[in-house]
Amino acid sequence: MDRKEKYERRQARKAEKERALEEARLEQERLQLKKDKKYMRQAITQAKKAAAIGEVPIGCVIVKDDEVVARGYNRRNADHNTLSHAETVAIRRASKKLGDWRLEGCTMYVTLEPCQMCSGALVQSRIDRVVIGCDNPKAGCAGSILNLLDMPQFNHRVEITRDVLKEECSAVLTGFFKELREKKGREETGNEGREEA
C-alpha cells in the first residue's frame, strides 16, 4: 500500500469517526429536547393554576436527576407579596426539599423569561440551567432587556435554553390577557347601562 492509499484510508476513518460523533451529538440533542418538552408541559400546567386564581399565568418546575423537586406558579396577588413569582416560589420549595440553598445540578423550566429579581435568584441559588418557554420583551433579564444569567462579573453563570414549547407558553399568556380585556369590557358596558337607567 502506497502513501497515498494510507492517507486516503486515514482520512476516510477520520471522516467516519466525525460522522458518528455528529450523529451521537444530534441524538443527544433530540433526547434532551424531548425531556425539555416533558418538563415544560408541567410548567405550563403550573401556569394554568395561576390563571385559575386570576394571576398572570407563569409557571415553573425545578428538576434534579430527572425528578421534579419543586413546582411554582405566580401568586403575587394571592399572597399580597411582590416576591411570589413562580420562580421564587419554586426555588424556596426546592431549597426546602433538598435541604440546601445551593441548587447545583438543578434545571428550572419556566414558561416566561425571568425578570431581574428571578434572574438574580437563579444566579444566587446556583441553578445550572434554565429552560425558557417564551421571551419577556418588557421585563426579561435572561437576554431580552439584559442577561443577568451570563454576567462574567458574577461568580455563577446559568446556561440558557430558549423557545421550548414557545407557542404553547405564549398562548397561555395571550389567552389570559384576552379574557381579562373582554371581562373588563363587559364590566364597563354593564356599568354604562346602569348609569343610563
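Everything numeric here is computed off the predicted structure, so don't read it as measured data.

A. Quick peek at the overall build of the protein chain. Each helix and strand in the protein chain was counted, giving five helices and five strands. Secondary structure of the protein chain in N-to-C order comes out as α-β-β-α-α-β-α-β-β-α. The C-alpha atoms of the protein chain give 23 Å as radius of gyration, which overshoots the globular expectation for 197 residues (16 Å, by more than 25%). A principal-axis box enclosing the C-alpha atoms of the protein chain has dimensions of 105 × 40 × 30 Å. Out of the 197 residues belonging to the protein chain, those deemed buried represent 36%. Restricting the contact set of the protein chain to residue pairs at least 6 apart, pairs at least 24 apart contribute 57%.

B. A look at the layout of surface pockets. Of the pockets and cavities examined, the largest pocket occupies roughly 440 Å³. At the level of secondary structure, the elements contributing two or more residues to the lining of the largest pocket comprise α3 (86–98) and α5 (166–196). Take the lining of the largest pocket: its biggest share by element is four residues, from α5. When grouped by side-chain class, the residues that make up the lining of the largest pocket number 11 nonpolar, five polar and five charged.

C. Expanded view of helix α4 (residues 116–125). All of the buried residues along α4 are Cys118, Ser119, Leu122, Val123 and Ser125. Buried residues belonging to α4 abut α3, β3 (106–112) and β4 (129–134). With its phi angle positive at about 65 degrees, arginine 126 sits one or two positions after the end of α4.

D. Spotlight on the packing of aromatic side chains. Evaluated as defined, the whole model comprises two aromatic pairs. Seen from their ring centres, tyrosine 39 and tyrosine 109 are 5.4 Å apart, and the 40 degrees between their planes marks the pair as tilted. Note that tyrosine 39 is positioned in helix α1 (residues 3–52) and tyrosine 109 in strand β3, a separation of 70 residues in sequence. On the numbers, 5.2 Å between centres and 80 degrees between planes, the contact of phenylalanine 176 with phenylalanine 177 is edge-to-face. Residue phenylalanine 176 is classed as buried on the basis of its relative accessible area of 13%. Overall, phenylalanine 177 belongs to the partly exposed group, its relative accessible area being 33%.

Calculation criteria
- Residues numbered from 1 in each chain as written.
- Predicted model: local features only at pLDDT ≥ 70, side-chain atom pairs only at ≥ 80, totals over all residues.
- Heavy atoms only, no water.
- Helix = DSSP H or I, 4+ residues; strand = E, 2+ residues; numbered from the N terminus.
- Rg over C-alpha atoms; globule rule 2.2 N^0.38 Å.
- Buried < 20%, exposed > 50% of the residue type's maximum accessible area, 1.4 Å probe, protein only.
- Contact = heavy atoms within 4.5 Å.
- 1 Å grid on protein atoms, 1.4 Å probe; cavity = no way out; pocket = protein on both sides within 12 Å on 5 of 7 lines; lining within 4 Å.
- Points joined across faces, edges and corners; volume = space filled by probe spheres on them.
- Nonpolar A, V, L, I, M, F, W, Y, C, P; charged D, E, K, R; others polar.
- Phe/Tyr/Trp six-rings, centres within 6.5 Å; stacked < 30°, edge-to-face > 60°.

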